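Observations on the model geometry
Single-letter residue listing:
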Amino acid sequence: MTHNSLTPRPARRSGTPASRSSITLALASFLALALTGPGCGGPQADVPQDFAVPVEMAKAEIRPIRQVLDLVGSLEAKEAVMLKPEISGKVASIHFKEGEQIEEGALLVKLDDIETAASLREAEADLSFARAEYERRKDLFAKQVVSKQEMERTRAEMDRAAARVEVMKARLVKTSIKAPFSGTIGRRRVSPGAVVEPGDDLANFEVIDPLTLNFEVPERYLPGVRTGQPVKLKVVAFPDRDFEGTVYFINPRVSAASRSVTVKALVPNPELVLRAGMFANTQLVIEERDEAITVPEQ
């Protein structure tokens, strides 16, 4: 007897076990690539795992600091003149040695004064006569013997004679050329017997103790500059020595060309080793802090 089995079959699943394993493996590989990419912070293939940056450490300290300007200046004589005669004449004598220290008022050059002295005596004689003549005219005027006009003419002649005496005295004084201040005499440019004219050079005369140091400070540092401020300087002639000075002048005008201001300092020079015209490497402290947090520059 044949039976027709009507038992239902189980339904088929979508996919076999082999196909499900392949899909899972593909997803895992994709996620691994995404996690190791540059955008996800994963390790790079070309970066060593033991890479390190060397670091040096130093302790910060509180100490005073200075802001110093390095400038170039020039030394000049505090006072300097070129000795020149005011009148013409022959050089009678020279009373100095080149490079000598001279006190104020000392005689340096004497011009021949024979003619000038004689002219002075002549003028004094004329004055004496004019005074006597005036006194006589004054007595006669009091007696109404001479006119007022005659007396005034005599008075004018006496005044002219007196003026001539003063002129000759001044001329006689100018035959003696003296030191206008205490300083150092320079190179002599004339010899005894030479005839000089007004304005001819005789010798330079300068004050080199102290000297004046001139230098330029950029305008942006002007707030840090003041009178009485110390400066330090070095010169090529004495590279192992330090010299010091004190600021005494700050120009009230800033240069439109360089945008800097001229500053002057007095530099003591008791040994007279420094000379006018020298260049000087100058250091000016424009700011100081007593308690600043510092670390080594390197």
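1. As for the side chain of Asn269
Its place among the elements puts Asn269 in the loop between strand E11 (260–267) and strand E12 (279–294). Judged by relative accessible area, Asn269 falls into the buried class, the value being 2%. Within the local environment of Asn269, its side chain forms a polar contact with the backbone oxygen of Ile208, the two atoms lying 3.0 Å apart. Excluding its chain neighbours within four sequence positions, the residues that come into contact with Asn269 are Ile208, Asp209, Pro210, Leu211 and Leu274.

2. Some thoughts on helix H3 (residues 148–173)
Taking 1.5 Å of rise per residue, 26 residues should cover 38 Å, and H3 covers 38 Å from first to last C-alpha, within 8% of that figure. When we look at burial in H3, the residues that qualify are Met151, Thr154, Met158, Ala161, Val165 and Met168. For H3, the secondary structure elements touched by its buried residues are helix H2 (114–142).

3. Considering the packing of aromatic side chains
For the structure shown, the criterion picks out two aromatic pairs. Here Phe238 and Phe243 contribute two aromatic rings whose centre-to-centre distance is 6.4 Å and whose plane-to-plane angle is 70 degrees, an arrangement assigned as edge-to-face. In this structure Phe238 comes out as partly exposed when scored by relative accessible area, which is 26%. By relative accessible area, Phe243 is classed as buried at 7%. A cation sits over an aromatic face here: Arg155 above Tyr134, 5.5 Å from the ring centre.

Cut-offs applied
Residues numbered from 1 in each chain as written. Predicted model: local features only at pLDDT ≥ 70, side-chain atom pairs only at ≥ 80, totals over all residues. Heavy atoms only, no water. Helix = DSSP H or I, 4+ residues; strand = E, 2+ residues; numbered from the N terminus. Buried < 20%, exposed > 50% of the residue type's maximum accessible area, 1.4 Å probe, protein only. Polar contact = N/O pair within 3.5 Å; in protein donor to acceptor, adjacent residues only side chain to side chain. Contact = heavy atoms within 4.5 Å. Expected span 1.5 Å × (residues − 1). Phe/Tyr/Trp six-rings, centres within 6.5 Å; stacked < 30°, edge-to-face > 60°. Lys NZ or Arg CZ within 6 Å of the ring centre and 35° of its normal.

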